Number of protein chains: 2
Amino acid sequence: MTDLDPDEFRRLGHAVVDWIAGYRAGLGDLPVRPEVEPGWVRAQLPAALPEEPGGLEALLGEVDRVVVPASTHWQHPGFFGYFPANASLHSLLGDMLSGGLGVQGMLWSTSPAATEVEQVLLDGFADALGLDPAFTFAGGGGGSIQDSASSAALVALLAALHRGSPDWRESGVDGTERVYVTAETHSSLAKAVRVAGLGAKALRVVDPAPGSLAMSPTALAAAMKADIAAGLRPVLVCPTVGTTGTGAIDPVREVATVAREHGTWVHVDAAWAGVAAVCPEFRWVVDGTELVDSFCTDAHKWLLTAFDASLLWVRDADALPGALSITPEYLRNAASESGAVVDYRDWQVPLGRRFRALKLWAVVQGLGLRGLREHVRGHVALAADLTEWVREDPAFELAAPPSLALVCLRVVTGRGADADDSATRTVLERVNASGTALLTHTVVDGRYVIRVAIGSVATGPEHVGALWAQLRSAAEDVEGGNRCA
Amino acid sequence: MTDLDPDEFRRLGHAVVDWIAGYRAGLGDLPVRPEVEPGWVRAQLPAALPEEPGGLEALLGEVDRVVVPASTHWQHPGFFGYFPANASLHSLLGDMLSGGLGVQGMLWSTSPAATEVEQVLLDGFADALGLDPAFTFAGGGGGSIQDSASSAALVALLAALHRGSPDWRESGVDGTERVYVTAETHSSLAKAVRVAGLGAKALRVVDPAPGSLAMSPTALAAAMKADIAAGLRPVLVCPTVGTTGTGAIDPVREVATVAREHGTWVHVDAAWAGVAAVCPEFRWVVDGTELVDSFCTDAHKWLLTAFDASLLWVRDADALPGALSITPEYLRNAASESGAVVDYRDWQVPLGRRFRALKLWAVVQGLGLRGLREHVRGHVALAADLTEWVREDPAFELAAPPSLALVCLRVVTGRGADADDSATRTVLERVNASGTALLTHTVVDGRYVIRVAIGSVATGPEHVGALWAQLRSAAEDVEGGNRCA
């Protein structure tokens with residue numbers, strides 16, 4: 001037998017678990033961002049694969065020597081970059097079980113449990129987030145776990161193309177399709193449009209409402225009307241709830257109302273913010289979604305579930321299989337032909353799929369909905385504290401309205417509003433160079449902006465407090481430098 | 001803190017490791033295929049998510065009570081269906097580390113180690129499989145880990161579309177594109193063609209060589225010539241090394257020679273069979289690939305690495321980023337702009353990505369190349385035994401030439417060659433109903449065929465011997481039934 005003996009796996013598995021426990025316990029002492037140059041990792045490792053077995057201990061040694069010092073530590077309590085990618089230890093337990101079972105959930109018949117546990121959980125989360133019951137399997141729709149919001153957007157677009165043209169599967173796209181987004185929409189929508197063969201020309205960037213970053217329903221209506229008059233076909237409108245740059249919220253209800261007049265598919269990208277609906281006080285993030293065709297939010301960002309676990313619901317359970325199903329002989333089986341089961345391969349591009357529902361199950365089992373709410377609430381409260389500190393400090397200003405647990409800020413210098421962005425850039429670079437926190441940036445109205453995305457599973461008040469002290473100190477140094485210059 | 005305390009994770013993680021060890025040790029005693037009806041799992045579980053935490057022990061109890069009895073056990077030694085989906089315990093150790101680190105490898109800068117370890121391993125495997133050095137990063141190409149061969153085929157097609165038309169990113173597809181496959185090509189190619197907006201009309205099913213299931217280079221040349229004369233544009237040719245139905249091998253060298261005359265992208269789908277090239281005696285599976293543009297083989301099928309780990313190499317390291325890259329402000333960083341790093345997000349559709357290289361590393365570290373060769377060789381030898389038994393037994397016939405570790409067979413009845421396929425169907429159903437083995441089928445030349453795909457990580461001579469005894473016994477029963485009828 002090639003594989004490890006189960007008893008040997010027991011011993012080595014315990015060692016790996018202990019390594020992970022030690023890594024997570026010591027994470028706060030590591031620099032968030034590695035100090036390595038391109039090529040350093042490659043230079044550390046032998047080019048040729050080993051001819052003989054080397055043992056797990058040697059592998060753990062290499063992970064300590066090469067991988068840890070060259071990793072950006074996304075689970076670090078000082079990680080405030082991008083959006084969080086919660087890989088809670090709860091979810092790891094479920095993911096380990098998934099690996100242990102090693103089943104393929106492509107068809108119901110290739111693992112009924114993998115399929116139906118996913119259905120139960122997605123129905124359960126639809127209810128927990130306050131989504132329209134039409135998004136549950138009982139309601140005629142249904143949910144699935146996608147690898148990412150990017151893939152979710154792509155399959156939603158494919159379903160929209162299929163619904164928009166019964167001839168699409170045979171003839172492909174015809175060049176008249178149009179997709180409506182804003183300048184703040186995630187780049188995955190532009191990527192989906194490209195992948196689907198529509199070309200960038202199909203992307204209509206709708207103007208925001210005046211003084212806002214959110215899509216203007218009026219501008220959307222005008223753009224759709226003009227396109228239709230020109231013989232073009234609106235196929236998808238994508239409002240975002242919580243844009244990546246600043247957390248802006250497009251008005252889903254109004255946008256959907258406009259889109260529905262033309263029978264256009266509405267896909268809501270709530271990748272980061274949607275999970276906040278687990279708290280009744282943030283349920284407004286799903287407002288208007290009873291009017292849309294698909295809704296996506298990532299359990300792997302802020303809902304404690306290790307990547308990949310993007311939750312996608314559609315109002316019509318036949319929409320994705322209609323667009324994506326192709327059945328060769330070797331996949332035919334009685335259960336599929338009975339029509340009584342869901343074959344999740346038809347809800348996604350890849351054929352194979354892991355039992356991803358187990359890690360989501362482990363999270364909700366380990367914490368309960370109550371624990372999920374505390375997690376989200378805690379970070380929103382910390383963001384509110386930070387917002388307050390920024391408002392009260394003349395050295396800083398908010399660069400966009402705070403949104404849930406995302407705060408966008410800029411430095412205000414004695415010379416004015418940091419006209420060339422240099423003070424804001426320098427402050428970000430100083431904080432990142434410290435190794436105790438990681439921030440990333442965006443650009444709003446042409447201005448460089450620091451994003452503080454609070455949401456790492458380990459982040460508590462002390463870490464946000466320490467970050468604020470660092471920001472102030474860096475801003476003082478920059479201002480002092482300016483004064484001396 | 002919301003998450004498990006590391007010490008608590010240590011305790012629970014050990015329990016999960018022990019559960020997995022017990023599951024794998026007892027796997028041979030479980031029925032391979034579950035005896036559940038659609039809806040059984042859903043009916044077992046509460047519809048609502050728990051409000052309060054429930055603990056890991058309760059989750060393991062549910063897994064034992066509901067998941068295990070309703071799972072098809074892909075790691076079972078009697079699993080001979082589809083293709084194997086090796087999730088070796090070695091690979092699990094690496095996957096656990098990946099979850100523990102919880103990094104996002106979308107950009108080099110978001111985790112240099114995740115990127116560069118993948119580069120080192122893919123270069124190393126290119127060498128171990130005997131691929132042209134042009135497929136390594138040192139040679140100007142490079143490899144990446146995709147989620148599946150389906151996604152690999154899709155991104156190869158997108159790269160081909162981009163290379164074929166500099167205007168594709170802006171204008172999309174134009175309806176003149178053509179893609180060349182055979183009737184035996186995996187359905188993922190048809191799916192990729194659909195996803196990319198080409199429509200089924202773009203798919204040219206090239207005839208096989210007479211008396212074979214493999215693509216005829218002559219027929220390919222004629223089809224391409226006719227299409228070009230009609231103003232159409234060949235964009236991709238996909239020869240398969242080891243088709244899903246029967247393991248047929250398209251003549252890559254001859255096919256590529258034809259395609260190159262027209263500058264058409266050649267993508268080799270060797271999802272199952274390609275890894276056999278790790279053995280010098282099977283290196284012929286990569287013959288001719290020095291003439292192609294991309295090559296894909298799945299480490300998660302027969303190379304011991306838990307799903308998902310599809311290895312895709314391209315000859316031109318700029319091909320996938322050229323087709324797929326879109327850079328919004330919030331992803332800009334100095335390392336990417338230096339051009340000195342690989343950002344793997346540009347090699348795939350999803351933005352996020354796990355540190356998948358760790359599970360592949362754990363496999364090669366745990367077994368060495370020597371162990372990988374023994375694994376593959378052992379299964380090929382078992383298939384040779386089975387082939388011999390089939391040849392010598394008048395109750396069976398080979399339904400296609402055996403290919404590596406895949407044997408396709410049919411029942412021969414006293415009444416002749418099982419004219420209506422009923423005996424062959426019945427034998428498959430009886431074996432599957434026994435619970436000790438799982439077989440799946442295909443259709444060859446309109447005839448129902450039993451596929452025996454040997455390759456589960458736990459399958460040894462005793463399991464193939466037992467399967468053969470079962471097949472013979474079932475065939476005798478069927479023949480006896482026919483005689484009495």
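Criteria and cut-off values
Residues numbered from 1 in each chain as written. Chains lettered and ligands numbered in written order. Predicted model: local features only at pLDDT ≥ 70, side-chain atom pairs only at ≥ 80, totals over all residues. Heavy atoms only, no water. UniProt positions renumbered as here; feature names shortened; annotations may be inferred. Contact = heavy atoms within 4.5 Å. Buried area = accessible area lost by both parts, 1.4 Å probe. Salt bridge = Lys/Arg side-chain N within 4 Å of Asp/Glu carboxyl O. Polar contact = N/O pair within 3.5 Å; in protein donor to acceptor, adjacent residues only side chain to side chain. Helix = DSSP H or I, 4+ residues; strand = E, 2+ residues; numbered from the N terminus. Nonpolar A, V, L, I, M, F, W, Y, C, P; charged D, E, K, R; others polar. Axes fitted to C-alpha atoms, helices over the stretch in contact; angles between N-to-C directions. Parallel < 35°, antiparallel > 145°, perpendicular 65-115°, else oblique. Left-handed = near helix turned anticlockwise from the far one by under 90°. Buried < 20%, exposed > 50% of the residue type's maximum accessible area, 1.4 Å probe, protein only. Pairing = 2+ DSSP bridges. Expected span 1.5 Å × (residues − 1). Arc of directions from axis to C-beta. Least-squares fit on C-alpha atoms with pLDDT ≥ 70 in both. Domains from an automatic or database assignment.

- Under an unreviewed UniProt entry, the name given to chain A is Pyridoxal phosphate-dependent decarboxylase family protein, and the source organism is Pseudonocardia aurantiaca.
- Within the UniProt record for chain A, the comment given under Sequence similarities (unreviewed entry) is "Belongs to the group II decarboxylase family."
- UniProt, in the comment section headed Cofactor (unreviewed entry), describes chain A in these words: "pyridoxal 5'-phosphate".

1. What about the interface of chain B and chain A?
Point 1. At the interface, 153 residues of chain B touch 153 residues of chain A.
Point 2. For the pairing of chain B and chain A, the buried interface totals around 13300 Å² over both sides, and the portion due to carbon and sulfur atoms is 66%.
Point 3. The largest contributions to the chain B side of the interface with chain A come from Leu49, Arg194 and Tyr330 of chain B, which together make up 7% of the buried area.
Point 4. Between chain B and chain A we count ten salt bridges in total.
Point 5. The salt bridge involving Asp18 of chain B is made with Arg10 of chain A; its shortest N-O contact spans 3.9 Å.
Point 6. At the surface where chain B touches chain A, the tally comes to 67 residue pairs in polar contact (both at pLDDT 80 or more).
Point 7. The leading source of residues in the side of chain B that touches chain A is helix H1 (residues 6–25) of chain B, at 16 residues.
Point 8. Residues of the side of chain B that touches chain A, tallied by class, amount to 83 nonpolar, 44 polar and 26 charged.

2. As for the packing of helix H5 (residues 112–128) of chain B against helix H14 (residues 357–392) of chain B
Residue and element names in this part refer to chain B.
Point 1. At a minimum axis distance of 10 Å, the contact between H5 and H14 shows a crossing angle of 30°. Relative to H14, H5 is oriented roughly parallel. The two elements H5 and H14 meet at a crossing, and its hand is left-handed. Taking contact as the criterion, the partners of Val117, Glu118, Leu121, Phe125 and Ala128 in H5 are, on H14, Ala357, Leu360, Trp361, Val364, Leu369 and Leu372.

3. Focus on the side chain of Thr305 of chain A
Point 1. Residue position: Thr305 of chain A is located in the loop between strand E6 (294–298) and strand E7 (310–314).
Point 2. Residue classification places Thr305 of chain A among the buried positions, given a relative accessible area of 0%.

4. What about the sheet that holds strand E1 (residues 142–146) of chain A?
Residue and element names in this part refer to chain A.
Point 1. Strand order in the open sheet formed by seven strands is E1-E7-E6-E5-E4-E2-E3, and the pairing between neighbours is mixed. The sheet terminates laterally at E1 and strand E3 (203–205), the two strands that pair on one side only. Between one strand axis and the next, the sheet turns by 25° as a mean value, whatever way the strands run.
Point 2. Summarising the sheet, strand E5 (residues 265–269) and E6 pair through three bridges and their orientation is parallel. Bridge pairing in E6 links Asp269 to Cys296.

5. Focus on helix H14 (residues 422–434) of chain A
Residues and elements named next belong to chain A.
Point 1. Taking 1.5 Å as the rise per residue, H14 with 13 residues should run 18 Å; its terminal C-alpha atoms sit 18 Å apart, in good agreement.
Point 2. Where H14 is concerned, the buried positions are Ala423, Thr424, Val427, Leu428, Val431 and Asn432. Buried residues of H14, seen end-on, are gathered within an arc of 170° and therefore sit on one face of the element.
Point 3. Where H14 ends, the next residue or the one after it, Gly435, has phi of about 85°, a positive value.

6. Regarding the relation of the copies chain B and chain A
Point 1. Once chain B is rotated about the relating axis by 180° and shifted along it by 0.0 Å, it coincides with chain A to within an RMSD of 0.0 Å. Such a combination of turn and shift is consistent with a two-fold rotation axis.
Point 2. Comparing contact sets, 100% of the residues at the interface of chain B also lie at the interface in chain A, consistent with an isologous, same-surface contact.

7. Comments concerning the packing of helix H4 (residues 89–101) of chain B against H14 of chain B
All names here are of chain B.
Point 1. Where H4 contacts H14, the two axes come as close as 7 Å, and the packing angle between them is 145°. Where H4 crosses over H14, the handedness of that crossing is right-handed. Residues His90, Ser91, Gly94, Asp95, Leu97, Ser98 and Leu101 of H4 form the contact with H14, whose own contacting residues are Leu358, Lys359, Ala362, Val363, Gly366 and Leu367.
Point 2. Its residues assigned to classes, the contact of H4 with H14 shows six nonpolar, five polar and two charged.

8. Re the pattern of salt bridges
Pairing between side chains of opposite charge can happen when the charged atoms of each approach one another.
Point 1. Tallied over the full model, the rule gives 62 salt bridges over all chains.
Point 2. Note that Glu329 of chain A and Arg332 of chain A form a salt bridge whose closest N and O atoms lie 3.4 Å from each other.
Point 3. Linking Arg430 of chain A and Asp477 of chain A is a salt bridge whose minimum nitrogen-to-oxygen distance equals 3.2 Å. Of this pair, Arg430 of chain A sits in helix H14 while Asp477 of chain A sits in helix H15 (residues 461–484), placing them 47 residues apart in sequence.
Point 4. Relative accessible area serves as the criterion here: at 39%, Arg430 of chain A is assigned to the partly exposed category.
Point 5. Among the ionic contacts, a cluster of salt bridges with common partners joins Asp95 and Arg354 of chain A together with Asp95 and Arg354 of chain B.

9. Quick word on the domain arrangement of chain A
Point 1. When the domains of chain A are assigned, the result is domain 1 (6–30 + 34–71), domain 2 (103–354) and domain 3 (367–484).
Point 2. Once you take the C-alpha centre of each, domain 1 of chain A and domain 3 of chain A turn out to be 33 Å apart.

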